[in-house]
Amino acid sequence: MSEEIQSRTGEEAENWTANALPAGYQLQEFQIKAQKDADGRQVMGKDGRPQPWILGRGTFGITYLAWDGKEKRDVAIKEYYPKDLVERRGTRVTAQGSRQREYYDQGLRSFTKE
């Protein structure tokens, strides 16, 4: 699966991964994979850390390529991240204010029903 996915490098990768979870982040049995270039090398950010492998981003979320350690296969993980309502502090997502929190909570309920 991973060989078929478009690779982003340089500034494009930096912009694409802004506010994303870091490569290697573990969520239960799933671990976010590091982005790789066409030669199979990890794409590194300006901070010297590997960039997470992002399959897509939109107004309400980020989809990552991850490794399922239990099933031993690549999977897609979608994170609810409404960029106009929240900010990331480390790996934690928080609403930007009380009104945004109300919209965030409402959207999260819908997101978890998917």
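All of these numbers come straight from a predicted model, not from anything done at the bench.

*Asks:* Any chance you could explain the nonpolar core here in plain terms?
*Replies:* Ranked by size, the top nonpolar core spans 13 residues in total, and within it I62, Y64 and V86 carry the most contacts. Those residues in contact with Y64 that sit more than four places away from it in its chain are A20, L21, I32, P52, W53, I54, L55, V75, A76, I77, E79 and R88.

*Asks:* It is not clear to me how the side chain of R88 should be interpreted in this structure. Could you clarify?
*Replies:* Position of R88 relative to the elements: it lies in strand β6 (residues 86–89). Here E79 takes part through its side chain, which lies 2.8 Å from a polar atom of the side chain of R88. Contact partners of R88, with chain neighbours within four places excluded, come to N19, A20, L21, I62, Y64, E79, Y81 and V93.

*Asks:* Explain the packing of aromatic side chains here, please?
*Replies:* Note on aromatic pairs: each is described by the distance of the centres and the angle between the planes. Evaluation of the coordinates by the stated rule reveals two aromatic pairs. Here Y80 and Y104 contribute two aromatic rings whose centre-to-centre distance is 5.1 Å and whose plane-to-plane angle is 35 degrees, an arrangement assigned as tilted. Of this pair, Y80 sits in strand β5 (residues 73–80) while Y104 sits in helix α2 (residues 98–113), and the two are 24 residues apart along the sequence. Across the pair, exposure class does not vary: Y80 and Y104 are buried alike. Y80 sits in the buried class, given a relative accessible area of 8%.

What counts, and where the lines are drawn
- Residues numbered from 1 in each chain as written.
- Predicted model: local features only at pLDDT ≥ 70, side-chain atom pairs only at ≥ 80, totals over all residues.
- Heavy atoms only, no water.
- Core = buried A, V, L, I, M, F, W, Y, C linked by side-chain atoms within 4.5 Å.
- Buried < 20%, exposed > 50% of the residue type's maximum accessible area, 1.4 Å probe, protein only.
- Contact = heavy atoms within 4.5 Å.
- Helix = DSSP H or I, 4+ residues; strand = E, 2+ residues; numbered from the N terminus.
- Polar contact = N/O pair within 3.5 Å; in protein donor to acceptor, adjacent residues only side chain to side chain.
- Phe/Tyr/Trp six-rings, centres within 6.5 Å; stacked < 30°, edge-to-face > 60°.

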